[in-house]
Amino acid sequence: MKTFPKGAYPAMITPFTDDGAIDYPAVGELLRWYERMNCSGVLALCASSETEMLSLEERVELAEYIVAHKGRLVIIASGHVSDSVEDQLTELNAMAKTGVDGLCLIVGRLNQHNETEDEFIENIKVIMDGIEDKEIPLGFYERPCPENRSLSEKIVRFCADTGRFAFMKETSCDPDVIAAKIKAAAGSPFRIYNANSVLLYDSLKAGAAGFCGIMGNFHPDLYQWLCENYDRYPAEAERLADYISAIGETGAQYPASAKYHQNLYGVKMSTYVRRGENTPIKPATAARLQRVERVVNELREWLRSVESGR
């Protein structure tokens, strides 16, 4: 089983045109921006992608486009939104055939009836058996809804022992829970990627493999630097972690705010969203994003001086 690189994996947004169609040129430009920000990869077809608002045909087409234009990025994808296991397997098998590097299962889709640990493990087995590609690495995505749960040490250990799992987007926001999962997966390819900005630094020291969250759409290079250098430059890493904690909130209007923010980088896209109301970005939201970007640029300059020894 392959092991995915450590580092930052933004929860990828989906650009749309003003009339609601997928804006493929903007998707391509967004992928190049993730590359320029030195990201290890992306988690595509996730909540930030507004996946539940895309038809299966659109999801497959989008995943195929992302794979064809991924460059050096690792592409982990989710993309199953249905309730029934049969329909989920249809969606997952279609996604696997697009050529993505890994297939991420949504915890809530396997936890529709508050299953016990053993029942949840049986659900995992059913999904694993039903995925036609037995070589594609699997992952878990603790999506906040629907019906999320934080996977227990027992479930994480089961996944690790199968040898099929290589990725988890962890969303418990609890350092003890994160550390327990890291310990349960130790010695296997199953790596834990923390979604929480505030707890990222401590989780890296505990053995987390990186970051996977929505803030990857704003300043992922800071997260990547922290993942790569937390032990090489401990004092500077702790200082950067303080800044990340302070600026690691998008405020209202996400993911439209992330789309607005991309325009600050020259990645032109509409702020149109399929999930929620298409209201203009509020002046306070725009001002905050612009102010945070000025702080981020100062941090980037400081990190360059750290690495150059100035």
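Rules behind the numbers
- Every chain is numbered independently, its residues counted from 1 as its sequence is written.
- The predicted origin of the model limits local features to residues at a pLDDT of at least 70 and limits the giving and counting of side-chain atom pairs to 80 or more, whereas totals for whole chains, interfaces and linings rest on all residues.
- The side-chain numbers reported here are obtained from all heavy atoms of the structure, hydrogens and water having been left aside.
- Comment: axis = line fitted to C-alpha atoms, over the contacting stretch for helices; angle = value between 0 and 180 degrees taken between N-to-C directions.
- Going along the chain from the N terminus, every DSSP run of H or I of four or more residues is numbered as a helix, and every run of E of two or more is numbered as a strand.
- By the definition adopted for this analysis, an angle is roughly parallel if under 35 degrees, roughly antiparallel if over 145, roughly perpendicular if from 65 to 115, and oblique otherwise.
- Crossing handedness is defined as follows: a turn of the near helix away from the far one that is anticlockwise and smaller than a right angle gives a left-handed crossing, while the clockwise case is right-handed.
- Whether two residues are in contact is decided by their heavy atoms: any pair within 4.5 Å suffices.
- Throughout, nonpolar core names a set of buried Ala, Val, Leu, Ile, Met, Phe, Trp, Tyr and Cys residues whose side chains join them through atoms within 4.5 Å.
- Working definition: with a 1.4 Å probe on protein chains only, accessible area under 20% of the residue-type maximum means buried, over 50% means exposed, and in between means partly exposed.
- Aromatic contacts are taken between Phe, Tyr and Trp rings whose centres are within 6.5 Å, Trp giving its six-membered ring; a plane angle under 30 degrees counts as stacked, one over 60 as edge-to-face, and the others as tilted.
- Remark: a charge is flagged as sitting over a ring if the NZ atom of Lys or the CZ atom of Arg is within 6 Å of the ring centre and within 35 degrees of the ring normal.

(A) Spatial organisation of the packing of helix α2 (residues 56-68) against helix α3 (residues 85-96). Closest axis-to-axis distance for the α2/α3 pair is 9 Å, and the angle between their directions is 25°. Judged by the angle between their axes, α2 and α3 are roughly parallel. Crossing angle aside, the handedness with which α2 passes α3 is right-handed. Along its contact with α2, which presents Leu56, Arg59, Val60 and Ala63, the element α3 presents Thr90, Glu91, Ala94 and Met95.

(B) Quick peek at the nonpolar core. With 91 residues, the main nonpolar core has Tyr34, Ile124 and Phe140 as its most contacted residues. For this core, the leading source of residues is helix α11 (residues 283-308), giving 8 residues. Dropping the residues within four chain positions of it, isoleucine 124 is found in contact with Leu110, Phe140, Ile155, Phe158, Cys159 and Phe165. Core analysis: the second largest hydrophobic core is formed by 16 residues, Phe4, Ala47, Ile76 and Ala209 among them.

(C) Examining the packing of aromatic side chains more closely. Counting across every chain of the model gives 13 aromatic pairs. Aromatic side chains tyrosine 9 and phenylalanine 167 sit 5.4 Å apart centroid to centroid with 70° between the ring planes, which places their arrangement in the edge-to-face category. In this pair, tyrosine 9 is assigned in the loop between β1 (7-8) and α1 (24-36) and phenylalanine 167 in strand β6 (residues 165-170), connecting sequence segments 158 residues apart. When its relative accessible area of 1% is taken as the criterion, phenylalanine 167 is described as buried. Geometrically, the ring pair formed by phenylalanine 16 and tyrosine 272 is edge-to-face, given 6.2 Å between the ring centres and 80° between the ring planes. Pair noted here: phenylalanine 16 is in the loop between β1 and α1 and tyrosine 272 is in the loop between α10 (256-264) and α11, with a separation of 256 residues, a long-range link. Note on phenylalanine 16: relative accessible area 0%, which makes it buried. In this structure an aromatic cluster arises from ring pairing among Phe120, Phe140, Phe165 and Phe190. Sitting above the plane of the tryptophan 302 ring, arginine 239 keeps its charged end 4.3 Å from the centroid.

(D) Geometry of unusual backbone geometry. Backbone torsion omega between tyrosine 254 and proline 255 reads 10°, so that peptide bond is classified as cis. Residue position: proline 255 is located in the loop between α9 (234-247) and α10. Phi at asparagine 114 is positive, roughly 50°, even though this residue is not glycine. For asparagine 114, the position within the fold is in the loop between β4 (102-106) and α4 (117-130). Positive phi, normally seen in glycine, also occurs at cysteine 173, with a value near 60°. Turning to its location among the elements, cysteine 173 is positioned in the loop between β6 and α6 (175-185). Cysteine 173 gets classed as partly exposed once you look at its relative accessible area, which sits at 47%.

Shape descriptors only; they carry no functional weight alone.
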